[in-house]
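# Architecture and fold: a report
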Amino acid sequence: MRALDRKVLRDLRLLWSQAITIALVVASAIGGFVATLSAVDSLAVARDAFYTGGRFADVFASVKRAPESLAARLAELPGVARVHVTVEAAARVTVPGSSDPVIGQLIGLDGDRAPALNRVLLRTGRWPEPGMRAGDEMEAVVNESFADAHRLKPGATVSALVNGKRRTLRITGTALSPEYIFGGLMGVPDMRAFGVFWVPYDELAAAMDMRGAFNKVAIQLAPGASQPAVQDAVTRRLAGLGGAPAHGRDEQPSHAMLDNEIREQRVLGTVLPAIFIVVAGFLLHVVTARLVATQREQVAALKALGYRNRDVAAHYLKLVAPMVLGGYLLGLLLGQSLGSMLTGLYAEFFRFPSFRHRIEADLAVIGLGIVLAMAVLGTLTAIAATVRLSPAEAMRPPAPGRYRRSLLERIPRLKLAPALRMILRNVERRPLRAALTIGGVAASVAIVIMGNFFRDAIDAIIDTQFNMAMRGDVVVWVTDAVDAAAGRELARLPGVLQVEPGRRVAVRFSNGHRSEKGAIDGYAAPPVLQRVIDVDGQPVLPGFDGLLMTDRLARKLALLPGDLVTVEVREGERQVRKVRLERTVRDMMGLNAFMDREQLNRLLGDGDLANSFSLRVAPESRVRVLDATQQLPRVAGAFSKATMLRNMQEISARNILIMSSILTAFAAVIAVGVVYNNARIALAERTWELASLRVLGFTRAEVSMLLLGEMALGIAVALPLGMLLGRGLTDAVVGMMVSDQFLFPVVIQPRTYAWAAICVVAAGVASALVVRRRIDRLDMVAALKTRE
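Residues numbered from 1 in each chain as written. Predicted model: local features only at pLDDT ≥ 70, side-chain atom pairs only at ≥ 80, totals over all residues. Heavy atoms only, no water.

### With respect to the overall build of the chain
- Broken down by element type, the chain carries 22 helices and 24 strands.
- Seen along its three principal axes, the alpha-carbon backbone of the chain occupies a region of about 105 × 65 × 55 Å.
- Burial status across the chain gives 54% buried among its 788 residues.
- In the chain, of all internal contacts separated by at least 6 residues, the share reaching a separation of at least 24 is 82%.
- Summed over its atoms, the accessible surface of the chain is roughly 34,300 Å², and 59% of this surface lies on carbon and sulfur atoms. (Helix = DSSP H or I, 4+ residues; strand = E, 2+ residues; numbered from the N terminus. Buried < 20%, exposed > 50% of the residue type's maximum accessible area, 1.4 Å probe, protein only. Contact = heavy atoms within 4.5 Å. Areas by Shrake-Rupley, 256 points an atom, 1.4 Å probe, with all protein chains shown as cover.)

### Remarks on the environment of proline 67
- Assignment of secondary structure puts proline 67 in strand 1 (residues 59-67).
- Sequence separation between proline 67 and glutamate 500 is 433 residues, and the spatial gap between their C-alpha atoms is 38 Å.
- Apart from the residues lying within four places of it in its own chain, the contact partners of proline 67 are Gly212, Ala213 and Phe214.

### Some points on the pairing of strand 4 (residues 102-109)
- Where burial is concerned, most of strand 4 is hidden: eight out of the eight residues are buried.
- Of the two faces of strand 4, the one lined by Val102, Gly104, Leu106 and Gly108 and the one lined by Ile103, Gln105, Ile107 and Leu109 are each fully buried.
- Sheet topology note: the strand 3 (residues 88-94)/strand 4 ladder contains six bridges and is antiparallel. Bridging across to strand 4, valine 93 finds its partner in valine 102.
- Sheet topology note: the strand 4/strand 11 (residues 194-200) ladder contains seven bridges and is parallel. Note that in strand 11 the partner of leucine 109 across the bridge is proline 200. (Pairing = 2+ DSSP bridges.)

### Brief notes about the packing of aromatic side chains
- A complete count under the given rule lists nine aromatic pairs for this structure.
- Residues phenylalanine 182 and phenylalanine 350 carry aromatic rings whose centres are separated by 5.9 Å and whose planes lie at 40° to one another, so their mutual orientation is tilted. Linking phenylalanine 182 in the loop between strand 8 (165-176) and strand 9 (184-185) with phenylalanine 350 in the loop between helix 9 (309-349) and helix 10 (361-387), this pair joins segments that are 168 residues apart in sequence.
- Taking 5.8 Å as the distance between ring centres and 45° as the angle between the ring planes, the aromatic pair formed by tyrosine 523 and phenylalanine 594 counts as tilted. Pair noted here: tyrosine 523 is in strand 16 (residues 514-523) and phenylalanine 594 is in strand 22 (residues 592-596), with a separation of 71 residues, a long-range link. Residue tyrosine 523 shares its accessibility class with phenylalanine 594, and that shared class is buried.
- Taken together through their ring pairs, the aromatic side chains of Phe50, Phe352 and Phe355 make up a single cluster. (Phe/Tyr/Trp six-rings, centres within 6.5 Å; stacked < 30°, edge-to-face > 60°.)

### Re unusual backbone geometry
- Cis geometry marks the peptide bond from alanine 525 to proline 526, where omega comes out at -10°.
- Examined against the element boundaries, proline 526 turns out to sit in the loop between strand 16 and strand 17 (532-533).
- Of note in the backbone geometry, arginine 55 takes a positive phi value of approximately 50° without being a glycine.
- When you line up the elements, arginine 55 lands in the loop between helix 2 (16-53) and strand 1.
- Its relative accessible area of 25% is what places arginine 55 among the partly exposed residues.
- Despite not being glycine, alanine 558 shows a phi value in the positive range, around 55°.
- Considering the arrangement of structural elements, one finds alanine 558 in the loop between helix 15 (551-556) and strand 20 (564-569).

### Side note on helix 1 (residues 3-14)
- The terminal C-alpha atoms of helix 1, which comprises 12 residues, lie 17 Å apart, in line with the 16 Å expected from a rise of 1.5 Å per residue.
- Among all positions in helix 1, only Leu4, Lys7, Val8, Asp11 and Leu12 are buried. Each buried residue of helix 1 lies within a common arc of 135° when the element is viewed along its axis, so the set occupies one face.
- The secondary structure elements touched by the buried residues of helix 1 are helix 2, helix 8 (296-304) and helix 9. (Expected span 1.5 Å × (residues − 1). Arc of directions from axis to C-beta.)

### Notes on the packing of helix 20 (residues 700-737) against helix 21 (residues 750-776)
- Running from amino to carboxyl end, helix 20 crosses helix 21 at an angle of 160°, the nearest separation of the two axes being 10 Å. When the interaxial angle is binned, helix 20 and helix 21 end up roughly antiparallel. The way helix 20 lies across helix 21 gives a crossing that is right-handed. Contact with helix 20, carried on its side by Arg700, Ala701, Val703, Ser704, Leu707, Leu708, Met711, Ile715, Leu719, Met723 and Arg727, involves Tyr753, Ala757, Val760, Val761, Gly764, Ala768, Val771, Arg772, Ile775 and Asp776 of helix 21 and no other residues of that element.
- Of the residues assigned to the contact of helix 20 with helix 21, the class counts are 15 nonpolar, two polar and four charged. (Axes fitted to C-alpha atoms, helices over the stretch in contact; angles between N-to-C directions. Parallel < 35°, antiparallel > 145°, perpendicular 65-115°, else oblique. Left-handed = near helix turned anticlockwise from the far one by under 90°. Nonpolar A, V, L, I, M, F, W, Y, C, P; charged D, E, K, R; others polar.)

### Brief notes about the environment of proline 720
- Relative to the assigned elements, proline 720 resides in helix 20.
- With 275 residues separating them in the primary sequence, proline 720 and valine 445 have C-alpha atoms 8.9 Å apart.

### Overview of the pairing of strand 7 (residues 157-162)
- Counting buried positions over the six residues of strand 7 gives five, a clear majority of the element.
- Direction of pairing for strand 3 relative to strand 7: antiparallel, over a ladder of three bridges. Following the sheet pairing, arginine 92 is matched in strand 7 by leucine 161.
- Where strand 7 and strand 8 come together, six bridges link them in antiparallel fashion.

### Observations regarding the side chain of histidine 150
- Within the secondary structure layout, histidine 150 lies in helix 4 (residues 144-150).
- Excluding residues that lie within four positions of it along the chain, histidine 150 makes contacts with Val95, Ser98, Val102 and Arg192.

### Quick notes on the packing of helix 13 (residues 431-469) against helix 21
- As a packed pair, helix 13 and helix 21 sit with axes 9 Å apart at the nearest point and diverge in direction by 145°. Here helix 13 runs over helix 21; the crossing is right-handed. Where helix 13 abuts helix 21, its residues Val441, Ser444, Val445, Val448, Ile449, Asn452, Arg455, Asp456 and Asp459 lie against Arg751, Thr752, Tyr753, Trp755, Ala756, Cys759 and Val760.
- Among the residues forming the contact of helix 13 with helix 21, the class breakdown is nine nonpolar, three polar and four charged.

### Remarks on a nonpolar patch on the surface
- Together, Trp16, Ile20, Leu24, Leu330 and Leu333 make up a nonpolar patch on the protein surface, roughly 500 Å² of accessible area in all.
- Sorting the residues of the nonpolar patch by element identifies helix 2 and helix 9 as the ones contributing at least two each.
- Secondary-structure assignment places tryptophan 16 in helix 2.
- For tryptophan 16, a relative accessible area of 49% corresponds to the partly exposed category. (Patch = residues over 30% accessible without salt bridge, like charges linked within 9 Å, V, L, I, M, F, W, Y side chains within 5 Å. Salt bridge = Lys/Arg side-chain N within 4 Å of Asp/Glu carboxyl O.)

### Re the sheet that holds strand 13 (residues 247-248)
- Strand order in the open sheet formed by four strands is 2-12-1-13, with antiparallel pairing between adjacent strands. Whereas interior strands pair on both sides, the edge strands pair on one side only; in this sheet they are strand 2 (80-86) and strand 13.
- Pairing geometry for strand 1 and strand 13, over two bridges, is antiparallel. Looking at the pairing, valine 59 lines up with glycine 248 of strand 13.
- Along the sheet, helix 6 (residues 227-237) contacts strand 1, strand 2, strand 12 (213-221) and strand 13; its crossing angle with strand 1, the most-contacted strand, is approximately 10°.

### Some thoughts on the side chain of asparagine 118
- Secondary-structure assignment places asparagine 118 in the loop between strand 4 and strand 5 (121-125).
- Here alanine 57 takes part through its backbone nitrogen, which lies 3.1 Å from a polar atom of the side chain of asparagine 118.
- Sequence-distant contacts of asparagine 118, that is, excluding residues within four places in its chain, are made with Gly54, Arg55, Phe56, Ala57, Phe60, Ser177, Pro178, Glu179 and Ala218. (Polar contact = N/O pair within 3.5 Å; in protein donor to acceptor, adjacent residues only side chain to side chain.)

### Some words on the pattern of salt bridges
- Going through the model one piece at a time under the given rule, you end up with 22 salt bridges.
- In this structure, aspartate 41 and arginine 266 form a salt bridge, with 3.1 Å as the shortest nitrogen-oxygen distance. On the criterion of sequence distance, the pair formed by aspartate 41 in helix 2 and arginine 266 in helix 7 (residues 253-294) is long-range, its members being 225 residues apart.
- Given a relative accessible area of 19%, aspartate 41 falls into the buried group.
- Between arginine 170 and glutamate 137 there is a salt bridge, with the nearest N and O atoms lying 2.7 Å from each other. Note that arginine 170 is positioned in strand 8 and glutamate 137 in strand 6 (residues 137-143), a separation of 33 residues in sequence.
- Given a relative accessible area of 23%, arginine 170 falls into the partly exposed group.
- Salt bridges sharing common partners tie together Arg123, Glu144, Asp148 and Arg351.

Pasting the structure below:
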């Protein structure tokens, strides 16, 4: 074994504890990087495989009623490869033993059970058979997530209000579809409140009076076809048949939620591990630089004996390599474990035929390249100054530091204790080292804040949407707009205290060459049960003479208050109107606009119409009111705010706890790595000084105070800086995660700042106890030996 290799082993034995902390920081970086991105990659692979195998459509359209012969003419359009038409119906579903309102989507299943597009995959049981049930009973397969949430097995029954008539659905099995990978209402994952039921096509068509007709269209594009051109052609061909214009996957609810999740997690999987990598590089630089400083004479001797600069550099790279590679391998194992856990969490929301966690080779190679680059950069910058010295110059001890009064000591009439003066002078003598230490600790504070921010954000979203904006208890909606006087019928239900009508109209907003799809929500003036609340929690009145528009939509359309925007209605007669933008609002959900309901009706030339009603209900009457709405023929659906809130909290609370716990553990690793390494190296550098003080009569506690006091001062300064950094990091990450569907409010509660401080202080205390133990065991005789 070469002499330098033996020296590497000796140095590693001496630095074993510091090597472990550096390896743990590297492992945290690689673990977070690999776990997040591998889980997202696994999600994307499962999605693409299911889309391909299930022939997921590219374009979708709905109509009120169209003859089946029209399908052949749609297939003749340029750019169309396949067309699939079916009958679908939304239904109020009642599950035995549950009082929760459920919305069901009934889909007609062809006799061959292998539709050209959006194929259904049977998971358990058997396919439904037409004509197997007498009377008002139909067989059905149900989506897997809904069946699991309600523990429905083959043979179980649910009832559905289909076209105003109560029918029994007998479950024959469970299934999956690329069209319903994500299940929920209004973008909220709620497997209990939304179910998909595939029933025999002819029986559903008969129940909906749609024999020989269809109301849903799915289209697959030919290779190289223009999707916008096909959508326009399909919309023109279906004009006059009611429904909404054709749209792509971006507006398909399941795909939009899945795509948004993948994009958000890619942001988190890039930003947070980058912080760990930077901190790990900093630690490697500090440890190597201080080790080289303590081995200055050894480096000089090696150069005097003929070793070249590159030999010395290779020696220290070999010293760093076990720390980095050990951390990398541990990070891969950690990434595999955490990635599998994240994949399991995804599997609860997104259902695929095959969904397993995998780490692609290129991801592992990229991770290895990152840590190797970080190791080489951190090491070479640390040893550059020393190896450039000539042997004779390096043999001489470095010039003693210049100590002078600190800034605080220069303040008149300010008296400082001797120990504090020594601490301040040592910090000022090495400002860069102190700054880097403070920066590392501040980064750990910021990561704890970032990890726990999501809990605060979800709490703020729930409070804003469910308590401040949605102040009613039950929301009832109808398929087609009806006279707002229908609300009187709801008001007569026992237990209903107040009814407020609203209207939602699907539109396309245009300004020059810019256009975006969205909706106009018509609210009461002034709104009481359904309000607009901005991200700061302040109510905003809907537009009266014009539109109140979300700021994200206004920016996309390059609109300013006072500008005119073209509004093309995407339902009914497809009217086109010019409307003034009155003002904007930072809203959390979607790209929408708001208007006084009566003004919206006048704009469209309609009477006093509404298609939704918010109800304030006596608490003890909620279930009875929901049951009573099922007897009203025009009601298409209803949901309870309390039930949706409960289901959402059950899902989000656990997932947020897991996320914050992982990031808190990672941040604790960073804090321990930074604080412990700096304290250990400071102890190695100041051993002679501390031993001299002990000989002069200083107690162990007083000597420890000089070293640990510097550590405590660094943490004290890092805490407020870390809190500011955490706020800035949160702002940056939220900015990168903004989407059309959602805007996270940047809300950080005092408890989050307090928890971050507690975690970092606890890590500092643990490090201090270890260092204090080494100070207590200081060999003063050996420490005081010095060369002349």
